[in-house]
Amino acid sequence: MKRLRFRLPDLPQVRQFAEDEARASGIPDESIGDFVIAVNEVATNAVTHGSDHAYLRTWTVNGDLVVEVHDEGTWKPGPLPGAVGGMGLWVARLLSSDLTLRAGSGGSTVIMRFPGKE
């Protein structure tokens, strides 16, 4: 299991960390871009809508790569009608094979799963 603590200015490092983890876990090359986009969307939400810092953890389960992003902020509902942004979780849900969101007084946690080695 690997863990990275990050803040808003660290998002380029988060994207590189995600790409490195995807390659190491055997995610097919053609899927790495989608993986990085999904992780970036959730990480960006964590440090812009949650709290000023967040944590990203990765591990593998049966060949799949699992990513957890946790912040200590309070949950705010999704985009309002007519909003230009606010689609990060929707995009991440489309790009991952599974996405779980837990929100409560201890913060928000998003867990995503991506197919790895066949």
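Shown above is the structure to which this text applies.
First, a word on what this report is: a plain description of the structure on this page. (Residues numbered from 1 in each chain as written. Predicted model: local features only at pLDDT ≥ 70, side-chain atom pairs only at ≥ 80, totals over all residues. Heavy atoms only, no water.)

## Quick word on the overall build of the chain
Turning to step 1, where the next piece is worked out: For the chain, the count of helices and strands is three helices and five strands.
Turning to step 2, where the next piece is worked out: In the chain, the succession of α and β elements from N to C terminus is β-α-α-β-β-α-β-β.
Turning to step 3, where the next piece is worked out: Expressed as a percentage of its 118 residues, the buried residues of the chain come to 41%.
Turning to step 4, where the next piece is worked out: By sequence separation, contacts in the chain at least 24 residues apart represent 61% of the contacts at least 6 residues apart.
Turning to step 5, where the next piece is worked out: Summed over its atoms, the accessible surface of the chain is roughly 6,600 Å², and 53% of this surface lies on carbon and sulfur atoms. (Helix = DSSP H or I, 4+ residues; strand = E, 2+ residues; numbered from the N terminus. Buried < 20%, exposed > 50% of the residue type's maximum accessible area, 1.4 Å probe, protein only. Contact = heavy atoms within 4.5 Å. Areas by Shrake-Rupley, 256 points an atom, 1.4 Å probe, with all protein chains shown as cover.)

## Overview of the packing of helix α1 (residues 11-25) against helix α2 (residues 29-50)
Turning to step 1, where the next piece is worked out: Where α1 contacts α2, the axes come no closer than 9 Å and their chain directions differ by 145°. Considering only the axes of α1 and α2, their crossing is right-handed. On the side of α1, the interface is formed by L11, V14, R15, A18, E19, A22 and R23, while α2 contributes D29, I32, F35, V36, V39, N40, A43, T44 and V47.
Turning to step 2, where the next piece is worked out: Among the residues making up the contact of α1 with α2, the classes are represented as 10 nonpolar, two polar and four charged. (Axes fitted to C-alpha atoms, helices over the stretch in contact; angles between N-to-C directions. Left-handed = near helix turned anticlockwise from the far one by under 90°. Nonpolar A, V, L, I, M, F, W, Y, C, P; charged D, E, K, R; others polar.)

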